[in-house]
Amino acid sequence: LVRSRGLGDVYKRQGEERKEPTLAIPRSAITDIEGKACVFVKEADGFEKREVELGLVGVDRAEIVRGVREGELVVVEGVFTLKSIAMKGAMGDDD
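Here is what the cut-offs are and how they apply
Residues numbered from 1 in each chain as written. Predicted model: local features only at pLDDT ≥ 70, side-chain atom pairs only at ≥ 80, totals over all residues. Heavy atoms only, no water. Helix = DSSP H or I, 4+ residues; strand = E, 2+ residues; numbered from the N terminus. Buried < 20%, exposed > 50% of the residue type's maximum accessible area, 1.4 Å probe, protein only. Contact = heavy atoms within 4.5 Å. Areas by Shrake-Rupley, 256 points an atom, 1.4 Å probe, with all protein chains shown as cover. Core = buried A, V, L, I, M, F, W, Y, C linked by side-chain atoms within 4.5 Å. Salt bridge = Lys/Arg side-chain N within 4 Å of Asp/Glu carboxyl O. Pairing = 2+ DSSP bridges. Polar contact = N/O pair within 3.5 Å; in protein donor to acceptor, adjacent residues only side chain to side chain.

Moving on: the overall build of the protein chain. Counting its secondary structure elements, the protein chain contains 1 helix and 10 strands. Secondary structure elements in the protein chain, listed N-terminal to C-terminal, are β-β-β-β-β-β-β-β-β-β-α. Split into buried and exposed, the 95 residues of the protein chain put 34% on the buried side. Considering only residue pairs separated by 6 or more positions, the protein chain has 53% of its internal contacts joining residues 24 or more positions apart. A total of about 6200 Å² of accessible surface is found on the protein chain, and carbon and sulfur atoms cover 50% of it.

Quick look at the structure:
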C-alpha cells in the first residue's frame, strides 16, 4: 500500500519460504549508505534514517528482518533526496 507524498506502510506478509509472517516494504524504500541497507522512517518531527537487515528480496518488495516495525511509515519516493541530506550531514557540511 503506497500513500500519497511518497510514504508506504510496513506490513506483514506470509512468506512462502518461512512459516511465520514477515515484514515487507517496497524495494524503492531501500538505499545503500556506506555499504549498509537503510530506509527513512517518518517521525513526528521529520524522518529518521534506519539501518535494516534484509531477508528475501523480490522484484518489487523486500523482507525486513530487523530495523522497522509493522505500521511504521517508510519513504518510498524521494529517498535519494533524503539520502543526500543524510550524507551531507554525515560529512559535517554546514552550508
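Read on, since the account is not over.
All right, on to the nonpolar core then. In this structure, Leu 23, Ile 25, Ala 29, Val 39, Val 41, Val 52, Ile 64, Val 68, Val 74 and Val 76 together form the largest nonpolar core, which totals 10 residues. Membership of the second largest hydrophobic core comes to 6 residues, among which are Cys 38, Val 75, Val 79 and Leu 82.

Moving on: the pattern of salt bridges. Side chains bearing opposite charge may pair, as long as their charged atoms lie close to each other. Under the definition given, this model contains 6 salt bridges. For Glu 43, the salt bridge is made with Arg 50, and the minimal N-O distance between the two is 3.1 Å. Look at the salt bridges and you will find they share partners, linking Glu 43, Glu 48, Arg 50, Arg 69 and Glu 72 into a network.

With 3 bridges connecting them, strand E8 (residues 53–57) and strand E9 (residues 61–66) associate as antiparallel partners. Its bridge partner lying in E9, Glu 53 is registered against Arg 66. Between the end of E8 and the start of E9, which pair antiparallel, lie 3 residues.

What follows deals with the environment of Leu 82. Along the polypeptide, Leu 82 turns up in helix H1 (residues 79–90). Leu 82 gets classed as buried once you look at its relative accessible area, which sits at 17%. Along the chain, Leu 82 and Phe 40 lie 42 residues apart, while their C-alpha atoms are 7.7 Å from each other. Apart from residues lying up to four places away in sequence, Leu 82 is in contact with Phe 40, Phe 47 and Val 75.

Attention now goes to the side chain of Glu 72. Summarising the element assignment, Glu 72 is placed in the loop between E9 and strand E10 (73–75). Polar contacts involving the side chain of Glu 72 include one to the side chain of Arg 50, which spans 2.9 Å.

Before going further, it helps to spend a moment on unusual backbone geometry. Residues apart from glycine generally show negative phi values, whereas peptide bonds are mostly found in trans. Non-glycine residue Glu 34 carries a positive phi angle of around 55°. Looking at the secondary structure, you find Glu 34 in the loop between strand E5 (31–33) and strand E6 (36–43).

With that settled, the discussion passes to the environment of Arg 61. If you trace the backbone, Arg 61 turns up in strand E9. Assessed through its relative accessible area of 22%, Arg 61 is described here as partly exposed. A C-alpha to C-alpha distance of 4.9 Å links Arg 61 and Arg 27, two positions 34 residues apart in sequence.

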